[in-house]
Amino acid sequence: MDETGSVNNTHQRKVLFSPKDLVLGFQHLLAMYSGDVLVPLLIGSYLHFSTIQMTYLVSIDIFMCGIATLLQLKRTPLTGIGLPVVLGCAVQSVTPLESIGSKLGITYMYGAIIAAGIFVFLIAGVFSRLKKLFPPVVTGSLITIIGFTLVPVGFQDLGGGTPTAHSFGDPRNLFIGFVTIAVILLLNAWAKGFLKSIAILLGILIGSFVAGAMGMVSLKPVSEAAWLHTPQLFLFGVPHFNGSAMITMILVSLTTMIESTGVFFALSEVTGQKLTSDDIKRGYRAEGIAAILGGLFNTFPYSTFSENVGVIRMSGVKTRRPVYYAAFMLLLLGLLPKAGALATVIPDPVLGGAMIVMFGIVGVQGIQILHKVDFTDNGNILVASVSVGLGLGVTMYPHIFQFLPTEFQIMMGNGVVVGSVAAVVLNLLFNGYGKEKLAKD
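All figures in this text were calculated on a predicted structure; none of them were measured in a lab.

Section: the overall build of the chain
Thought 1: For the chain, the count of helices and strands is 19 helices and two strands.
Thought 2: Residues classed as buried in the chain amount to 56% of the 441 residues present.
Thought 3: In the chain, the share of contacts with a sequence separation of at least 24, taken over all contacts with a separation of at least 6, comes to 84%.
Thought 4: Carbon and sulfur atoms make up 68% of the accessible area of the chain, which amounts to about 18900 Å² in all.

Structure below.
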């Protein structure tokens, strides 16, 4: 069997190194890199980490992303969903971790991460048996929400990254962003074969070169970064445990599990690999172990990145080989901060342009799944429309729940979680448990 579950040929097994897969893996790395390093930068800045601490935080975070990705890629009896997934820091953990770290101290923050990882590992089997709660009307709605709720993130980067900044929407930012989009679209329209499959990567590289020619790229982060860093256990202190902190992070872990479920099904649809409850259970367990390692090595919880679904969809390469290359590159960059810093010099508008294309593709993929649903049934219309509406609405105005207790804000402030829960509950209300009403040809 090959990486997508079909019969593999002997020639492919003998290939030990593939330049094409290496380049495709680099494309995956760039697609997730900015979103991943953002988490340690935000938390480290909020908690006033020193330059040395921040350097370690970013480097070990990149390294652990590679470890977490490998845990998911390789199927074992215990872990690994075996899909071409890339794992990165769960962005929904930023605010809760900042709160725990500032009020109790960073050792309690890492204790809560470890506790949440253990929780995910232990409930993986129970959570995976809820597969029947995700028929096409639910998964289609969920994937649509994941894609379209991320589009505003792309637009934010397109404008310069910080909406409150005076330079936000600067014509130079817009020009660079739309150059990136244009390159990706033109390559998809006119290129063939391998060039077409790396359209996103070429769009990012060409956009960055144009930005550099306009004086919008600074190599200062590269010159300031260290040459070598190694992971250290308990660098910031031995983890401590607090009940409220652990409960908060367990709630966060539930949101990441729900979001990962949507990504699992999205990748299942793209690759044609049907998921079993055991597959999903191993996927959850891998994320649980990754979170435990994050706490032990003073990084953060990890979840499956939805950004990379769009990369797979656009490239048409659905095997795990490129993602293995991406994982090993993450390990290398985590050990070589100066090399890793190169990826941080990519301007926000360039990343924003690529994100808009990728996230839009993910959203349309959800619509393709919904195409299979029988929308002559009014119940299915309500499931899809209300869940997508709630998901998009909460994404635009998460502070609508600002008067709820903090624990509820963590859950309700995430559009993917709100939309997912709404889709599941409404589907149970209108269709019952495990029933599928598919469109008739």
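Some remarks on the packing of aromatic side chains
Thought 1: In this structure the tally under the stated criterion is three aromatic pairs.
Thought 2: Ring geometry for Phe264 and Tyr284: centres 6.1 Å apart, planes at 45 degrees, overall tilted. Note that Phe264 is positioned in helix α11 (residues 243-271) and Tyr284 in helix α12 (residues 277-296), a separation of 20 residues in sequence. Of the two residues examined, Phe264 and Tyr284, each falls in the buried class.
Thought 3: Taken together, the ring pairs connect Phe127, Phe264 and Tyr284 into an aromatic cluster.

As for the packing of helix α6 (residues 136-159) against helix α19 (residues 415-431)
Any two packed helices are characterised by the angle at which their axes cross and by the distance between the axes.
Thought 1: α19 packs onto α6 with a crossing angle of 160 degrees between their chain directions and a minimal axis gap of 9 Å. One way to sum up the angle between α6 and α19 is to call them roughly antiparallel. Here the hand of the crossing between α6 and α19 comes out right-handed. Between α6, through Val137, Val138, Leu142, Ile145, Ile146 and Thr149, and α19, the contact on the second element is made entirely by Gly415, Val416, Gly419, Ser420, Ala423, Val424, Asn427 and Asn431.

Here we look at the state of the cysteines
Thought 1: Following the criterion strictly, the structure yields zero disulfides and no others.
Thought 2: No disulfide involves Cys65; its nearest neighbouring cysteine sulfur is the one of Cys89, lying 5.1 Å away.
Thought 3: Overall, the relative accessible area of 0% leaves Cys65 in the buried class.
Thought 4: Relative accessible area serves as the criterion here: at 2%, Cys89 is assigned to the buried category.

Overview of the nonpolar core
For soluble globular proteins, the rule of thumb is that nonpolar side chains tend to be buried together.
Thought 1: Counting residues in each nonpolar core, the largest one holds 117 residues, and the members touching the most others are Ile43, Met109, Met249, Phe300, Tyr302 and Met358.
Thought 2: Ranked by the residues each element gives to this core, the list is headed by helix α3 (residues 51-73), at 12 residues.
Thought 3: Leave out the neighbours within four places in its chain, and Phe300 touches Val39, Pro40, Ile43, Leu57, Asp61, Cys89, Leu97, Met109, Tyr110, Ile113 and Gly294.

Overview of helix α16 (residues 348-370)
Thought 1: With 23 residues, α16 extends 33 Å between its outermost C-alpha atoms, agreeing within 8% with the 33 Å of an ideal straight helix rising 1.5 Å per residue.
Thought 2: With 18 of 23 residues buried, α16 lies mostly within the body of the structure.

What about a nonpolar patch on the surface?
Thought 1: Where nonpolar side chains cluster on the molecular surface, the patch consists of Leu382, Val386, Leu390, Leu429 and Phe430 and spans about 410 Å² of accessible area.
Thought 2: Mapped onto the nonpolar patch, the elements with two or more residues apiece are α17 (378-396) and α19.
Thought 3: Residue contributions to the nonpolar patch peak at three residues, all from α17.
Thought 4: Residue classification places Leu390 among the partly exposed residues on the basis of a relative accessible area of 39%.

With respect to the environment of Val424
Thought 1: Position of Val424 among the secondary structure elements: in helix α19.
Thought 2: In this structure the C-alpha to C-alpha distance between Val424 and Ser387, which are 37 residues apart in sequence, comes to 8.8 Å.
Thought 3: Not counting chain neighbours up to four residues away, the residues in contact with Val424 comprise Leu133, Phe134 and Val138.

Some points on the environment of Gln402
Thought 1: Secondary-structure assignment places Gln402 in the loop between α17 and α18 (406-412).
Thought 2: By relative accessible area, Gln402 is classed as partly exposed at 47%.
Thought 3: Linking Gln402 and Met412, residues 10 residues apart in sequence, is a C-alpha distance of 9.7 Å.

Some details on α17
Thought 1: When the terminal C-alpha atoms of α17 are compared, their 27 Å separation across 19 residues agrees well with the 27 Å that a helix rising 1.5 Å per residue should span.
Thought 2: Inspection of α17 places Gly379, Asn380, Val383, Ala384, Ser387, Val388, Gly391 and Val394 among the buried residues, and these make up the whole buried set. End-on view of α17: buried residues confined to an arc of 145 degrees, all on one side of the axis.
Thought 3: Sitting at the head of α17, Asp377 places a side-chain oxygen 2.8 Å from the backbone nitrogen of Gly379.

Here we look at the confidence of the model for the chain
Thought 1: On average, residues of the chain carry a pLDDT of 82, and 89% of them reach 70 or more.
Thought 2: Scored below 50 in pLDDT, residues 1-13 shows 19 contacts in the model against residues more than four places distant or in partner chains.

A look at the environment of Leu233
Thought 1: Along the chain, the position of Leu233 falls in the loop between α10 (220-224) and α11.
Thought 2: Each C-alpha atom of the pair Leu233 and Gly294 lies 10.0 Å from the other, and the pair is 61 residues apart in sequence.
Thought 3: Those residues in contact with Leu233, other than ones at most four positions away along the chain, are Leu296 and Phe297.

Points about the side chain of Ser253
Thought 1: Secondary-structure assignment places Ser253 in helix α11.
Thought 2: For Ser253, the contacting residues outside a window of four places in its chain are Ala116, Phe119 and Val120.

Reading guide: rules and limits
- Residues numbered from 1 in each chain as written.
- Predicted model: local features only at pLDDT ≥ 70, side-chain atom pairs only at ≥ 80, totals over all residues.
- Heavy atoms only, no water.
- Helix = DSSP H or I, 4+ residues; strand = E, 2+ residues; numbered from the N terminus.
- Buried < 20%, exposed > 50% of the residue type's maximum accessible area, 1.4 Å probe, protein only.
- Contact = heavy atoms within 4.5 Å.
- Areas by Shrake-Rupley, 256 points an atom, 1.4 Å probe, with all protein chains shown as cover.
- Phe/Tyr/Trp six-rings, centres within 6.5 Å; stacked < 30°, edge-to-face > 60°.
- Axes fitted to C-alpha atoms, helices over the stretch in contact; angles between N-to-C directions.
- Parallel < 35°, antiparallel > 145°, perpendicular 65-115°, else oblique.
- Left-handed = near helix turned anticlockwise from the far one by under 90°.
- Disulfide = S-S within 2.5 Å.
- Core = buried A, V, L, I, M, F, W, Y, C linked by side-chain atoms within 4.5 Å.
- Expected span 1.5 Å × (residues − 1).
- Patch = residues over 30% accessible without salt bridge, like charges linked within 9 Å, V, L, I, M, F, W, Y side chains within 5 Å.
- Salt bridge = Lys/Arg side-chain N within 4 Å of Asp/Glu carboxyl O.
- Arc of directions from axis to C-beta.
- Polar contact = N/O pair within 3.5 Å; in protein donor to acceptor, adjacent residues only side chain to side chain.
- pLDDT = per-residue confidence, 0-100.

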